[in-house]
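# Summary of the model geometry
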Amino acid sequence: MCTSIPVRIEDETGKFSPADLDELRNFITNELLSTQEELEWLDVIRIRNLEFGPFGYWTARFHFNPDNPDEIDSIAAVIVLNYFYLKTLKQLKKTLAHEYGHHWTLTYLAVNQGIVDYMKQRIPVEYYQLRGLNEQDYAHDYSKGWCNCDKEVIAEDYRVLFAPSPHNQEHRMVNQLDPPSDEIREYIRKLAEYEFD
C-alpha cells in the first residue's frame, strides 16, 4: 500500500464530487496492491462518458533512454473509466481495480522483463504454466476473444486477488478457469521485484 503519491483524477462528466474522487484515490493507494513506483507511472485517471465502448481501458506511452535504447526511463499511463456504464462509485472501483491490474502487471513486465510491445508479446511462460493456460486457447491479443487474452486474465487475477470485497467478486473467466491461486498472487506481487537480464 502506498499513500505518498497523489493520483490525478479528471472527471470529465462532472457527476462525481471531490469527496468521491478522493475515495477513488484512497481506493488505489490504500486498498489495492500499489507502490510509489507504479503510481508515479500513472499520469491520470479520466472518467468519461463514452457512448458504448469498453467499461474502461488502460494505455501507456514508454519513453526510452536515448543512451540505452533498451532502458525505459519514464512511463505515462492513463486509465479511462466509462461513465456510460459505470454510474456509481462501487461500479467505478470494480472496473478501476481491473484497469489497475493492467497498470501493475504490464508496466512491471515492460520495465523488469522487457515486454514493451505488450499486445504483440505473450505474458511469460511461467504465468501460463502457473495459471494453466495453453497457447492454443489463449493469445497475447484479442484474436481469440476478450476472455482468452492473457492480459485480461492477469488483470482479472489482480482484481480478484488484491481488491477488497465486494470489488474482488466474480472473476470473469471463472467459467473456464479455476480461481487464481496463492502462487498467482505471489507471481503478480513479485512482478515489481523481477530483474530483467
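The structure this text deals with has already been given above.
A short tour of the structure in this document, coming up.

Basis of the calculations
- Residues numbered from 1 in each chain as written.
- Predicted model: local features only at pLDDT ≥ 70, side-chain atom pairs only at ≥ 80, totals over all residues.
- Heavy atoms only, no water.
- Phe/Tyr/Trp six-rings, centres within 6.5 Å; stacked < 30°, edge-to-face > 60°.
- Helix = DSSP H or I, 4+ residues; strand = E, 2+ residues; numbered from the N terminus.
- Buried < 20%, exposed > 50% of the residue type's maximum accessible area, 1.4 Å probe, protein only.
- Lys NZ or Arg CZ within 6 Å of the ring centre and 35° of its normal.
- Pairing = 2+ DSSP bridges.
- Axes fitted to C-alpha atoms, helices over the stretch in contact; angles between N-to-C directions.
- Contact = heavy atoms within 4.5 Å.
- Polar contact = N/O pair within 3.5 Å; in protein donor to acceptor, adjacent residues only side chain to side chain.
- Salt bridge = Lys/Arg side-chain N within 4 Å of Asp/Glu carboxyl O.

### Re the packing of aromatic side chains
Tallied over the entire structure, the rule returns 11 aromatic pairs. Plain terms: the ring middles of W104 and Y158 are 6.4 Å apart, the flat faces sit at 35° to each other, and that makes the pair tilted. Remark: Y158 occurs in helix α5 (residues 150–162) and W104 occurs in helix α3 (residues 89–113); sequence separation between them is 54 residues. Accessibility expressed as a relative area gives 0% for Y158, which makes it buried. Measuring from ring centre to ring centre gives 5.6 Å for Y127 and Y187, while their planes differ by 35°; the resulting arrangement is tilted. With Y127 in helix α4 (residues 125–131) and Y187 in helix α6 (residues 182–190), the pair connects residues that are 60 residues apart, well separated along the chain. Here the basic side chain of R185 rests over the ring of F162, its NZ or CZ set 5.6 Å away from the ring centre.

### Looking at the sheet that holds strand β3 (residues 56–65)
Adjacent strands of a sheet form backbone hydrogen bonds with each other and so pair up, either parallel or antiparallel. Read across the sheet, 4 strands follow the order β1-β2-β4-β3 without closing on themselves; strand pairing throughout is mixed. Each end of this open sheet is capped by a strand with a single partner; those strands are β1 (9–11) and β3. Within the sheet, the average angular offset between the axes of one strand and its neighbour, ignoring direction, is 20°. Helix α1 (residues 18–31) rests against β1 and β2 (42–48) of the sheet, and its axis sits at about 145° to β1. Of the strands in this sheet, β2, β3 and β4 (68–82) touch α3, which is tilted by about 175° from β4.

### A few points about the side chain of T105
Within the element layout of this structure, T105 appears in helix α3. For T105, a relative accessible area of 0% corresponds to the buried category. Engagement of the side chain of T105 in a polar contact is seen with the backbone oxygen of G101, the distance being 2.7 Å. Beyond its immediate sequence surroundings of up to four residues, T105 is in contact with I154, I188 and L191.

### Here's the deal with the pattern of salt bridges
Inspection of every chain in the model, using the stated rule, returns 15 salt bridges. Linking R46 and E10 is a salt bridge whose minimum nitrogen-to-oxygen distance equals 2.9 Å. Placement of the pair is R46 in strand β2 and E10 in strand β1, with a sequence separation of 36 residues. A relative accessible area of 26% means that E10 is categorised as partly exposed. Its salt-bridge partner being E23, residue K93 comes within 2.7 Å of it at the nearest N-O pair. Note that K93 is positioned in helix α3 and E23 in helix α1, a separation of 70 residues in sequence. Overall, K93 belongs to the buried group, its relative accessible area being 9%.

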